[in-house]
Amino acid sequence: MKVFLETYGCQMNVADSELVASILTNTNFKIAENIDEADIIIFNTCSVRQHAEDRVIGRINNEMARKVKNKNLKIGVIGCMAQRLEEKLQEQNSSIDFIVGTDQYKKLPEIIFNLFENPEFCSETIVNNNEIYKDIYPIHKGRFNAFVTIMRGCNNFCSYCIVPYVRGRERSRPVDDVLNDVQKVGEMGFKDVTLLGQNVNSYNYQDVNFAELLRQTNKIKSIKRIRFITSHPKDLSDEVIKVMAESEKVCEHLHLAMQSGDNEILQRMNRGYTAEHFYNIVQKLRKAMPEIAITTDVIAGFPGETEEQFQHTFDLMKKIEFDYAFTFKYSPREGTKAAEFSNQILEETRLERLKQLINLQQDITTKKYKEQIGKTKEIYVEKVSKKSDDELSGKSRDFKITVFKGDKSLIGKFINVRITDAIGWTLKGEIENGK
Ligand code: SF4
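As the structure is a prediction and not an experimental result, all values here were calculated from the model.

The subject of this paragraph is the overall build of the protein chain. Along its length, the protein chain carries 15 helices and 21 strands. Here the C-alpha radius of gyration of the protein chain, 22 Å, is about what a compact globule of 435 residues would show, namely 22 Å. A principal-axis box enclosing the C-alpha atoms of the protein chain has dimensions of 65 × 55 × 45 Å. Out of the 435 residues in the protein chain, the part that is buried amounts to 54%. Within the protein chain, counting contacts between residues at least 6 apart in sequence, those at least 24 apart form 73% of the total. One finds the centroid of the 63 positive side-chain charges in the protein chain at a distance of 4 Å from the centroid of its 63 negative side-chain charges.

Shown next as structure tokens:
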């Protein structure tokens, strides 16, 4: 039987789909590359914003039409929406056959087999705070960049965030499992590895902290680049910054979610740091690694945010000059503290503030990219460029897409490219010395 997996949301969900693909193929299912050939369609869903949920519900409803032609087709929902909404999802759409939460993926083969015997709706959403999917080796998609999950869940309860409710408490995978996975993906040809977790800086397994894990990962010969996501500013230690700077494989790129530049808002977000602390970390990172690219997430229009408080966020973004920022208008999530705050901001104000942040960041990103002209960057060549068959595209260590003329035989290799131009958020260049 063939399963088609459609994934929404963050890298954690992408990694979970790779895990689910492994669980299913180990029990004789096949992964369908095309939805038309599927006997089972699984939507791996995201709850982080209402918009994300609405989009998935629209997609599920659309695909239900397939059931008219193919009576045996089964459609299931897994991931954060499955965990958050549980049976409510099936009440909204009675054609959903199964709903499986983030800690119950090992049961998927049994659930699906049973459905073909006895087509009764099934739901498994119990949170298991010990589940780390030990000994399951994900099927990595792509060819060059692999995600390796180092921990699951989150203990932080930022007041706007649904994740701790749908992914349970923080638990770290054993060090040896992580290192073996990294070694293995490297041997398979993935030279760029991203260590993944909701808050990687609080990784802790039998007294091995994140800095030590990075140190040990850096010794693995089969890989060339290490990245990690997501970092929490309150837990990013000086030791981690030191290891980043000292470890040749750890790339000069960090995604560090600022969320707000105002201390009162940060406190009401339950973020555990101040704007000054955040700025201080940025300074330390830039001092330790002058070429580092720092990207961020920022929320506009958090409940109660005054014009002045918004201005603090705007000013801090301007002062820091992130290489890129993912900016969002606040989206209330039922079940979180912030959704209960009585001082919600009008939608039009949230949108207006968001627009201001987007415009500001566009200017900064353009400036940052122009500053790269004249530099030489090591590019991991990934593919032929979408725009021209003569051009190749790859990423620099500081995570910038770079396009240059070159032969297809260079795909998968590391090449030094001199940057000659910056068009939007793409760098253009020439292979150094024409080699
Ligand atoms: S650290 Fe905060 S924003 Fe990130 S997953 Fe945990 S609760 Fe959500």
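Now for the nonpolar core. Counting 67 residues, the largest nonpolar core has Leu195, Phe210, Leu214, Met244 and Leu285 as the members making the most contacts within it. In contact with Leu285, other than residues within four places in its own chain, are Leu236, Ile241, Met244, Leu254, Leu256, Ile292 and Ile294. Counting 21 residues, the second-largest nonpolar core is a separate cluster that includes Ala38, Phe43, Val56 and Ala82.

Quick look at the sheet that holds strand 20 (residues 414-423) now. Taken in spatial order, the five strands close into a barrel running 17-18-19-21-20, and their pairing is mixed. Geometrically, the sheet is characterised by an average inter-axis angle of 50° between neighbouring strands, direction not taken into account. Bridge count for strand 20 against strand 21 (residues 426-431) is six bridges, and the pairing is antiparallel. In the sheet register, Ala422 faces strand 21, and the bridge partner there is Leu427.

Our next topic: the side chain of Lys249. Note that Lys249 resides in the loop between helix 10 (238-246) and strand 14 (253-255). In this structure, Lys249 is buried with no salt-bridge partner, the nearest side chain bearing the opposite charge being Glu248 at 4.9 Å. Of note is the side chain of Lys249, whose polar atom sits 2.5 Å from the backbone oxygen of Ile220. In this structure the side chain of Lys249 is engaged in a polar contact, spanning 3.2 Å, whose partner is the backbone oxygen of Ile223. Look past the residues within four positions of Lys249 in its chain and what remains in contact with it is Asn218, Ile220, Lys221, Ile223, Lys224, Arg225, Ile226 and Arg397.

Here the focus is the site of the ligand. As a matter of local geometry, the ligand sits amid Cys154, Asn156, Phe157, Cys158, Tyr160, Cys161, Val163, Pro164, Gln198, His232 and Arg271. A class-by-class count of the residues in the shell around the ligand yields seven nonpolar, three polar and one charged.

By the definition in use, this model includes 40 salt bridges. Residue Glu37 is joined to Lys2 by a salt bridge in which the shortest nitrogen-to-oxygen separation is 3.3 Å. Note that Glu37 is positioned in the loop between strand 2 (30-31) and strand 3 (40-45) and Lys2 in strand 1 (residues 2-7), a separation of 35 residues in sequence. In this structure, the salt-bridge partner of Lys106 is Glu131, at a minimum N-O distance of 3.2 Å. Residue Lys106 is located in the loop between strand 5 (98-100) and helix 6 (108-117), and its partner Glu131 is located in the loop between strand 6 (122-124) and strand 7 (145-149); the two are separated by 25 residues in the primary sequence. A cluster of three or more residues bridged by salt bridges with shared partners is formed by Glu6, Asp36, Arg59, Glu63 and Arg66.

Further remarks concern the sheet that holds strand 14. The strand order 14-15-16 describes an open sheet built from three strands, whose pairing is parallel. Because the sheet does not close on itself, it has two edges, and the strands there are strand 14 and strand 16 (324-329). This sheet shows a mean twist of 10° between the axes of neighbouring strands, independent of strand direction. Where strand 14 meets strand 15 (residues 293-300), three bridges bridge the pair, whose relative direction is parallel. Among the inter-strand pairings, His255 is bridged to a residue of strand 15, identified as Thr295. Each of strand 15 and strand 16 is contacted by helix 15 (residues 347-370), which is oriented at about 175° to strand 16, the strand it contacts most.

The terminal C-alpha atoms of helix 1 (residues 11-25), which comprises 15 residues, lie 21 Å apart, in line with the 21 Å expected from a rise of 1.5 Å per residue. The buried count for helix 1 comes to twelve of 15 residues, which makes it a mostly enclosed element. Those residues of helix 1 that fall on the buried side of the exposure criterion are Met12, Asn13, Ala15, Asp16, Ser17, Glu18, Leu19, Val20, Ala21, Ser22, Ile23 and Leu24.

On to the domain arrangement of the protein chain, then. Once the domains are mapped, the protein chain shows domain 1 (2-124), domain 2 (145-370) and domain 3 (376-434). Spacing between the C-alpha centres of domain 1 and domain 3 amounts to 37 Å.

Counting through the fold element by element, Lys74 comes out in strand 4 (residues 74-79). Placed twelve residues apart in sequence, Lys74 and Glu86 show a C-alpha to C-alpha distance of 17 Å. Dropping the residues within four chain positions of it, Lys74 is found in contact with Asp39, Ile40, Ile41, Asp97, Phe98, Leu115, Phe116 and Pro119.

This paragraph deals with helix 6. Those residues of helix 6 that sit buried are Leu108, Pro109, Ile111, Ile112 and Leu115. In a view along the axis of helix 6, the buried residues occupy a sector of 165°, so they form one face of it. Turned more than 90 degrees off the buried face of helix 6, the exposed positions are Glu110 and Glu117. Contacts made by the buried residues of helix 6 are with helix 1, strand 3, strand 4, strand 5 and strand 6.

For the rest of this paragraph, the subject is the packing of aromatic side chains. Here the structure, examined in full by the defined rule, presents 14 aromatic pairs. Ring plane angle 80° and centroid distance 6.1 Å describe the contact between Phe302 and Phe341, whose orientation is recorded as edge-to-face. Taken together, the residues span a long stretch of sequence, with Phe302 in the loop between strand 15 and helix 13 (307-320) and Phe341 in the loop between helix 14 (337-340) and helix 15 at a distance of 39 residues. Judged by relative accessible area, Phe302 falls into the buried class, the value being 0%. Taking relative accessible area as the criterion, Phe341 reaches 23% and is therefore assigned partly exposed. A connected cluster of aromatic rings, assembled from ring pairs, spans Tyr160, Phe302, Tyr330 and Phe341. Its guanidinium or amino end placed over the ring of Tyr369, Lys400 lies 5.2 Å from that ring's centre, counting from NZ or CZ.

Cut-offs applied
- Residues numbered from 1 in each chain as written.
- Predicted model: local features only at pLDDT ≥ 70, side-chain atom pairs only at ≥ 80, totals over all residues.
- Heavy atoms only, no water.
- Helix = DSSP H or I, 4+ residues; strand = E, 2+ residues; numbered from the N terminus.
- Rg over C-alpha atoms; globule rule 2.2 N^0.38 Å.
- Buried < 20%, exposed > 50% of the residue type's maximum accessible area, 1.4 Å probe, protein only.
- Contact = heavy atoms within 4.5 Å.
- Lys, Arg positive; Asp, Glu negative; His and termini not counted.
- Charge placed at Lys NZ, Arg CZ, Asp CG, Glu CD.
- Core = buried A, V, L, I, M, F, W, Y, C linked by side-chain atoms within 4.5 Å.
- Pairing = 2+ DSSP bridges.
- Axes fitted to C-alpha atoms, helices over the stretch in contact; angles between N-to-C directions.
- Salt bridge = Lys/Arg side-chain N within 4 Å of Asp/Glu carboxyl O.
- Polar contact = N/O pair within 3.5 Å; in protein donor to acceptor, adjacent residues only side chain to side chain.
- Near = heavy atom within 4 Å.
- Nonpolar A, V, L, I, M, F, W, Y, C, P; charged D, E, K, R; others polar.
- Expected span 1.5 Å × (residues − 1).
- Domains from an automatic or database assignment.
- Arc of directions from axis to C-beta.
- Phe/Tyr/Trp six-rings, centres within 6.5 Å; stacked < 30°, edge-to-face > 60°.
- Lys NZ or Arg CZ within 6 Å of the ring centre and 35° of its normal.

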